[in-house]
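If you want the building blocks of each chain, they are given just below.
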Amino acid sequence: MADDSTSTVPAGRTGLIVRIPEAEPAVRAWRERLDPSARAGVPAHVTVLFPFLDESRIGPLVHSALAAVFGSHQAFDLQFERCGRLPDVLYLVPEPDTRLRQLTEAIADRWPEAPPYGGRFTEIVPHLTIAQGQEDAVLEEIEADLVGRLPFTSHVSSVELMVYDGTKWQERASFALGG
């Protein structure tokens, strides 16, 4: 979920993700080896907002508000045709990414105390992390492996609320998109 090691994530931290189950056959083995969030129970996904509110703040009113925000956005399809890179990160590029950005912006507008990436980055870059903290040669090996596994399409119809318990990430709720 985050581009940080889960060992630095406090229990009660939450995030909002879009699961991409169609990616699992292509990326599962790489993610389990090279993405700490996968080892901590996070499925292949594109992050909508991380970090979100602390779990202690998420009650019925927040659930209702999340359902309303996500329900006002239509379900959509994403195509994954290529890899991209951020510093020390290899990821799959979701296209088009406009709807993902709109989901992130809608949640950040509703909860300004929870800016995307904790306010560390100004640009929203939707992505499905495969590996992080690796040398270029490793990232190039992964990219070469993935060439034959792309493209694929994913239908996005919900957003999941994930909560970290100090060891593992668990899904706490799922919010349907409209349409």
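None of the values given here were measured: they were computed from a predicted structure.

Reading guide: rules and limits
- The numbering scheme is per chain: residues are counted from 1 as the chain's sequence reads.
- For this predicted model, a pLDDT threshold of at least 70 governs which residues receive local features, and a threshold of 80 or more governs which side-chain atom pairs are given and counted, while totals over whole chains, interfaces and linings are taken from all residues.
- Excluding hydrogens and water, the side-chain values take into account all heavy atoms of the structure.
- Centre distance within 6.5 Å is the pairing criterion for rings of Phe, Tyr and Trp, where only the six-membered ring of Trp is used; planes under 30 degrees apart are then read as stacked, over 60 as edge-to-face, and the remainder as tilted.
- Starting at the N terminus, helices and strands are each numbered in turn, a helix being any DSSP run of H or I of at least four residues and a strand any DSSP run of E of at least two.
- Note on exposure labels: buried denotes an accessible area under 20% of the residue type's maximum, exposed denotes more than 50%, and partly exposed covers the range between, all computed with a 1.4 Å probe on protein chains only.
- To sit over a ring, a charge needs its Lys NZ or Arg CZ within 6 Å of the ring centre and within 35 degrees of the ring normal.
- Here, strands pair whenever DSSP counts at least two bridges between them.
- Inter-axis angles, ranging from 0 to 180 degrees, are taken between N-to-C directions of lines fitted to C-alpha atoms, where helices are fitted over the stretch in contact.
- Contact definition: two residues touch when any of their heavy atoms are within 4.5 Å.

Concerning the packing of aromatic side chains
Within this structure, the stated rule accounts for six aromatic pairs. Ring geometry for F52 and W111: centres 5.2 Å apart, planes at 90°, overall edge-to-face. Here the residue F52 occupies a position in the loop between strand 2 (45–49) and helix 3 (60–71), and W111 occupies one in the loop between helix 4 (98–110) and strand 5 (128–132), the gap between them amounting to 59 residues. Across the pair, W111 and F52 agree in class, each one buried. Summarising the aromatic geometry, the rings of F80 and F152 are spaced 5.0 Å apart at their centres and angled 15° between planes, so their arrangement reads as stacked. One end of the pair, F80, is in strand 3 (residues 76–86); the other, F152, is in strand 6 (residues 152–156), and 72 residues separate them in sequence. Accessibility classification places F80 together with F152 in one group, the buried group. Across from the ring centre of W111, 4.5 Å away, lies the NZ or CZ of R110, which sits over that ring.

Examining unusual backbone geometry
A cis geometry characterises the amide bond from F50 onward to P51, with omega recorded as -10°. Tracing the backbone through its elements, the reader meets P51 in the loop between strand 2 and helix 3. Here the residue pair E95 and P96 is connected by a cis peptide bond, since its omega of -10° sits within 30 degrees of zero. One non-glycine residue, D88, lies in positive phi territory at about 65°. Within the fold, D88 resides in the loop between strand 3 and strand 4 (89–95).

Examining the sheet that holds strand 8 (residues 169–176)
Reading across the sheet, the four strands line up as 2-1-7-8 and stay open at both edges, with antiparallel pairing between neighbours. The open sheet has two edge strands with one neighbour each: strand 2 and strand 8. Mean inter-strand twist for the sheet, computed between neighbouring axes without regard to direction, equals 35°. Across four bridges, strand 1 (residues 14–19) lies against strand 2 in antiparallel orientation. Looking at the pairing, V18 lines up with V46 of strand 2. Of the strands in this sheet, strand 1, strand 2, strand 7 (158–164) and strand 8 touch helix 3, which is tilted by about 55° from strand 8.

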